[in-house]
Amino acid sequence: KGGGLVVCTTTTGLVCGGYNPKGWVGYGEARGSIAAFLFVMTPRSATQPAVKLRKVGGPGLAQMDMPETGPSFGADSLVIPLARENPKYARSKLGSYYERFEDGTNSLFLDVGTGRNLGSSVTLKDMKVYQGVYGKDEYIPFTDAEPFALY
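This text gives an overview of the structure that appears in the document. (Residues numbered from 1 in each chain as written. Predicted model: local features only at pLDDT ≥ 70, side-chain atom pairs only at ≥ 80, totals over all residues. Heavy atoms only, no water.)

**Examining the overall build of the protein chain**
Heads up, the rule is: Only DSSP runs of H or I reaching four residues or more are called helices, and only runs of E reaching two or more are called strands; each is numbered from the N terminus. Here the term buried applies to any residue with accessible area under 20% of the maximum for its type, exposed to any over 50%, and partly exposed to those in between, with areas from a 1.4 Å probe on protein chains only. What makes two residues a contact is simply this: any of their non-hydrogen atoms within 4.5 Å.
Across its full length, the protein chain holds zero helices and ten strands. What you see in the protein chain, going N to C, is helices and strands ordered as β-β-β-β-β-β-β-β-β-β. Relative to its full complement of 151 residues, the protein chain shows a buried share of 36%. Here the contacts in the protein chain between residues at least 6 apart in sequence split such that 57% fall between residues at least 24 apart.

Listed below in structure tokens is the structure:
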């Protein structure tokens, strides 16, 4: 329960990921939040050690909370399907749900040395997910998920 942080390292050494303030509960829903963001930790230049990419277009589809797949920020901004046939595959297309880089680059995946766009998909070396830990009676912010229901 609580917010979650996904940190990925690609086989080229790029460190990137996303913050999900609502966490994952596996109800199979698209969850909204304007507090969600993506990031790249490997510098594009010596003067810019990290880049934060904000949620755009309102809070909708900040993350897809599907129990049968891995983390997904937006429908296409950072998707790690964890598919059986290729569990280390990740893809990214920025602009629809999360902002692009200042220069217009529309993929999260950049070359570590040059900062050039590596394309829309990469192979991950590893992925770590950090989840908030809260006490039994402690309030968990931004966790308004509920099972699908018709009112």
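**As for the packing of aromatic side chains**
The condition is simple: Side-chain rings of Phe, Tyr and Trp, where Trp is taken by its six-membered ring, are said to pair if the distance between their centres is within 6.5 Å; with planes under 30 degrees apart they count as stacked, over 60 as edge-to-face, and otherwise as tilted.
Here the structure, examined in full by the defined rule, presents three aromatic pairs. Each ring, one from Phe 73 and one from Tyr 98, has its centre 6.5 Å from the other, and the planes form 75°; the classification is edge-to-face. Within this pair, whereas Phe 73 is found in strand 7 (residues 72–73), its partner Tyr 98 is found in the loop between strand 9 (89–91) and strand 10 (121–131), the two being separated by 25 residues in sequence. The exposure class assigned to Tyr 98 is buried, which follows from its relative accessible area of 0%. Through a chain of ring-to-ring contacts, three or more aromatic side chains come together here, namely Trp 24, Phe 73 and Tyr 98.

**Remarks on the state of the cysteines**
This is how the line gets drawn: In this description, the term disulfide denotes a pair of cysteine sulfurs within 2.5 Å.
Using the criterion set out here, one finds zero disulfides in the structure. Cys 8 forms no disulfide, and the closest cysteine sulfur to it belongs to Cys 16, at a distance of 5.2 Å. The exposure class assigned to Cys 8 is buried, which follows from its relative accessible area of 1%.

**Some details on the pairing of strand 2 (residues 15–20)**
Walk down a regular strand and you will see the side chains alternate between the two sheet faces. Note the cut-off: When DSSP finds two or more bridges between two strands, those strands count as paired.
Both strand 1 (residues 4–10) and strand 2 contribute to a ladder of six bridges, which runs antiparallel. If you follow Gly 4 over to strand 2, its bridge partner there is Asn 20. Taking the residues between adjacent antiparallel strands as the criterion, strand 1 and strand 2 are bridged by four residues, where Gly 13 takes a positive phi near 100°. Inspection of the sheet shows strand 2 paired to strand 4 (residues 37–40) by four bridges, in the antiparallel sense. The partner of Gly 17 across the bridge, within strand 4, is Phe 39.

**Things to note about the side chain of Ser 72**
Structurally, Ser 72 can be placed in strand 7. Beyond its immediate sequence surroundings of up to four residues, Ser 72 is in contact with Ala 62, Gln 63, Met 64, Leu 78 and Val 79.

**Section: the nonpolar core**
Note the threshold: Residue types Ala, Val, Leu, Ile, Met, Phe, Trp, Tyr and Cys, when buried and joined through side-chain atoms within 4.5 Å, form a set referred to as a nonpolar core.
If you look at the biggest cluster of nonpolar residues, it comprises 22 residues, and the most contacted ones within it are Leu 38, Phe 101, Leu 108 and Phe 109. Elements that contribute at least two residues to this core include exactly strand 1, strand 4, strand 5 (51–54) and strand 10.

**Comments concerning the pattern of salt bridges**
The condition is simple: We count a salt bridge whenever a side-chain nitrogen from Lys or Arg sits within 4 Å of a carboxyl oxygen from Asp or Glu.
For the coordinates displayed, the defined rule picks out four salt bridges. Two residues, Arg 31 and Glu 29, come together in a salt bridge whose shortest N-O distance is 3.4 Å. The class for Arg 31 is buried, based on a relative accessible area of 3%. Residue Asp 126 is joined to Lys 128 by a salt bridge in which the shortest nitrogen-to-oxygen separation is 4.0 Å. Judged by relative accessible area, Asp 126 falls into the partly exposed class, the value being 28%. Taken together, the salt bridges that share partners define one network made up of Glu 29, Arg 31 and Asp 65.

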